[in-house]
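As a plain string of letters, each chain reads:
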Amino acid sequence: MSTILQNRPSGPMTGGRALAEMLHLSGAGPMFGMGGFQLLPFYDAVGLVGLTHHLINDERCGAFAADAYARVTNRPGICDGTLGPGATNLVTGLVESLNGGIPVIAIAGDTNRAHSWKNMTQECRQAEILKPAVKELIRVEMTSRIPELVRRAFAVATSGRPGPVLLDVPEDVAHGSHDFAAEEFVIDEATLKAPARRIRPDRADLERAAKLIAKAKRPLLLTGGGIHLSEAWEALTRFAEAQSIPVAHTMSGKGGIACSNPLNVGLFGRYSRIANDLIEASDCLISVGCKLGEIATKRFALPPRHIPVIHLDIVAEEIGRCIPAEIALWGDARAGLNDLHDALSDSGAQARAARTDYVAEIAPRMKKWEEDAAPRLNSRDRPVHMARLCRELNKTLPADSILVADGGFAGHWTGLLYDTKRAGRHFMPDRGFASIGYGLPGGIGACLAAPDRPVIAMSGDGGFNMMLGELETARRTGCGLTVIVINNAASGYVKALQHAMMGGRYQSADLHEMDYAAIARTMGCGGIRVEDPEELSPALRRGIEECDRPTVIDVVVTRDPSQMLPAVDNRTVEIKQGDRVA
């Protein structure tokens, strides 16, 4: 049962002060933004009420940092931007959160309504621009309604599939004053963390799903990021083990069940170890918290249409959107998995016995994959092979660490080859929008959310170039963040595709060779340059041990575009019209 939190501020105060009071009441964590005139009363109140706010160097990075904070905690991350360019700079980060189902509350200053549409400085149609980027845009038209609308923002951000909410606050509303009563400052505690509300699938649908699973000889669970949003790790593991059902995952779903669990068969879709083969041979697929989009289905080539799909999702309209569902289970992932477990509890021993040979296939198949991948995983090549870097991450990172992976190479390679040692959100790729540039600001947000855990952010040199200024933010906030820069002096993903698809005609794909370790040192951070694969583990340990400032590990990786994709030898791959090999 939810409780109503309240504090006792009352009397005349500005809208900015009321906004800060409501965020303080919510227990808001570190906020990220860049101030402007429209929100000055809010900024003035932040310190007065005891909130923590970090100046960032680009509003997009503030949105990314808030997104990562929310992924670690499932509590809404908070970011802000001032009128015009500050607000529009939030768009990319907010779309990441919208597509990824991440609870974020963004605050944007807007024009004084007495002069709107009279060529105010920096004025634009920001509400129209931002509205498609958020779950809901809330325009605050009256200072007196700020407590009510902040409550609404938290409720929307954390209910159903979570997502970002934007509070658009005109200058005169933030600077205006209202005589507030103490009882106005209340908030529902249940809405302060996702999922705020859990719904259960219909009982009749559960019974149909249980019957289909019970008779299946080769069922397979396909799990996505909804497992983490629902905090369904224990429920997933319990159900999978009770029924002897292997678990495959998307990049976002990695860690739903520990990668070290014998039932974990790894990534499926565009990149796969053994999971795609198991999908092809399955007689029942159970999709949980997974949108089954392009990457997960190899551009909708998987799964074969004759295999029945049970689709459990919190968003009813996602079910059957990309892949037809035999049985639709509309509900929360954790609640749905627990209900399926209960519905099949009497037949658990029988199911495990019947699937003994099926489950016994996993270990030898995985061993064969590892043997095939061993030359890359153990490569002593200089420059460093990406597979060897991933192997050293697996060997060196502690079980409680968080790996934040940027878009492009960082996410693709680690999605396939990085293994979590525990269930939970220990791997965080930005797969909502797959925007390049998430790594460093995402690492800052994760580090501030979990200051006692090692946080490693991995980014390509192109993505790091975009957000290099936030290294100053990381230094200023005292983040003991380890940043791995995959330095191939190229926009490597594009260069690899140009190699495979354009006959090696490279256009706008090469970067100037940079020493990012040296740059980091000039910014007051630790900097380690690695060119020998034998130096990887010592460098990682040094980075993790440095707790008071960020450390950049500049890893010089292969420049050969034929070796740049994780699961494709694009020296020999056959490209057909419309294909995407990666």
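Residues numbered from 1 in each chain as written. Predicted model: local features only at pLDDT ≥ 70, side-chain atom pairs only at ≥ 80, totals over all residues. Heavy atoms only, no water.

A. The arrangement of the overall build of the chain in detail. Counting its regular elements, the chain contains 24 helices and 22 strands. Its C-alpha atoms give the chain a radius of gyration of 24 Å, within 12% of the compact-globule value 25 Å for 582 residues. Looking at the 582 residues of the chain, the share that counts as buried comes to 60%. Considering only intrachain contacts with a sequence separation of at least 6, the fraction spanning at least 24 residues in the chain is 76%. With the model as given, the accessible surface of the chain reaches about 22100 Å², and the carbon-plus-sulfur share is 50%. Taken together, the 64 basic and 69 acidic charged side chains of the chain have centroids lying 4 Å from each other. (Helix = DSSP H or I, 4+ residues; strand = E, 2+ residues; numbered from the N terminus. Rg over C-alpha atoms; globule rule 2.2 N^0.38 Å. Buried < 20%, exposed > 50% of the residue type's maximum accessible area, 1.4 Å probe, protein only. Contact = heavy atoms within 4.5 Å. Areas by Shrake-Rupley, 256 points an atom, 1.4 Å probe, with all protein chains shown as cover. Lys, Arg positive; Asp, Glu negative; His and termini not counted. Charge placed at Lys NZ, Arg CZ, Asp CG, Glu CD.)

B. Main features of the sheet that holds strand β22 (residues 551–556). Ordered by their spatial adjacency, six strands build an open sheet running β18-β17-β19-β20-β22-β21, and the pairing between neighbours is parallel. Both edges of this open sheet fall to β18 (427–429) and β21 (526–530), since each of them pairs with a single strand only. Averaged over all adjacent pairs, the angle separating strand axes in this sheet is 15°, with direction ignored. Of the pairings in the sheet, the one linking strand β20 (residues 482–487) to β22 comprises six bridges and is parallel in character. From the neighbouring strand, Ile 484 faces β22, where its bridge partner is Ile 553. (Pairing = 2+ DSSP bridges. Axes fitted to C-alpha atoms, helices over the stretch in contact; angles between N-to-C directions.)

C. Highlighting helix α9 (residues 203–215). Look at α9: 19 Å from first C-alpha to last across 13 residues, which is about the 18 Å you get at 1.5 Å a residue. Listing the buried residues of α9 in full gives Leu 206, Ala 209, Ala 210, Leu 212 and Ile 213. In an axial view of α9, the angular spread of the buried residues amounts to 165°, which keeps them on one side of the axis. Of the exposed residues in α9, those oriented more than 90 degrees away from the buried face are Lys 211 and Lys 215. Structurally, α9 contributes buried residues whose contacts are with α11 (233–243), β14 (284–288), β15 (309–313), β16 (327–330) and α13 (333–343). (Expected span 1.5 Å × (residues − 1). Arc of directions from axis to C-beta.)

D. Layout of the environment of Gly 320. The residue Gly 320 is located in the loop between β15 and β16 in this model. Along the sequence, Gly 320 and Asp 554 sit 234 residues apart, while their C-alpha atoms lie 44 Å from each other. Among all residues touching Gly 320, those that are not within four sequence positions of it are His 311 and Ala 325.

E. Layout of the confidence of the model for the chain. In this model, the chain carries a mean pLDDT of 94, and residues with pLDDT of at least 70 account for 97%. Taken as a whole, residues 568–574 scores under 50 in pLDDT and shows 16 contacts with residues more than four places along the chain or in a different chain. (pLDDT = per-residue confidence, 0-100.)

F. Quick peek at the sheet that holds strand β6 (residues 104–110). Here we have six strands laid out as an open sheet, ordered β4-β3-β5-β6-β8-β7, and parallel in their pairing. The sheet terminates laterally at β4 (53–55) and β7 (136–139), the two strands that pair on one side only. The mean inter-strand angle of the sheet, taken between neighbouring strand axes irrespective of direction, is 20°. Strands in contact with helix α5 (residues 91–100) are β6 and β8 (164–170); relative to β8, the strand with the most contacts, it is inclined by about 140°.

G. Up close: unusual backbone geometry. Omega for the bond connecting Ala 194 with Pro 195 falls within 30 degrees of zero, at -5°, which places this linkage in the cis form. Relative to the helices and strands, Pro 195 is located in the loop between β10 (186–188) and α9. Its identity is not glycine, yet Lys 298 carries a phi of approximately 55°, on the positive side. Positionally, Lys 298 belongs in the loop between β14 and β15. Positive phi outside glycine occurs at Ala 434, with the angle close to 55°. Relative to the helices and strands, Ala 434 is located in the loop between β18 and α19 (439–449).

H. Summary view of the layout of surface pockets. In this model, the largest pocket occupies a volume close to 1000 Å³. Around the largest pocket, the lining comprises 45 residues; the ones closest to its centre are Asn 99, Gly 100, Arg 161, Lys 291 and Arg 431. For the lining of the largest pocket, the secondary-structure elements that each account for two or more residues are α5, α10 (226–229) and β15. Of all the elements, α5 adds the most residues to the lining of the largest pocket, at three residues. Residue composition of the lining of the largest pocket, by class: 18 nonpolar, 15 polar and twelve charged. Here the second largest pocket defines a volume of roughly 410 Å³. Forming the boundary of the second largest pocket are 24 residues, of which Arg 273, Met 366, Trp 369, Glu 370 and Asp 419 lie nearest the centre. Among the secondary structure elements, those contributing two or more residues to the lining of the second largest pocket are β13 (264–267), α16 (362–377) and α17 (386–396). Take the lining of the second largest pocket: its biggest share by element is nine residues, from α16. (1 Å grid on protein atoms, 1.4 Å probe; cavity = no way out; pocket = protein on both sides within 12 Å on 5 of 7 lines; lining within 4 Å. Points joined across faces, edges and corners; volume = space filled by probe spheres on them. Nonpolar A, V, L, I, M, F, W, Y, C, P; charged D, E, K, R; others polar.)

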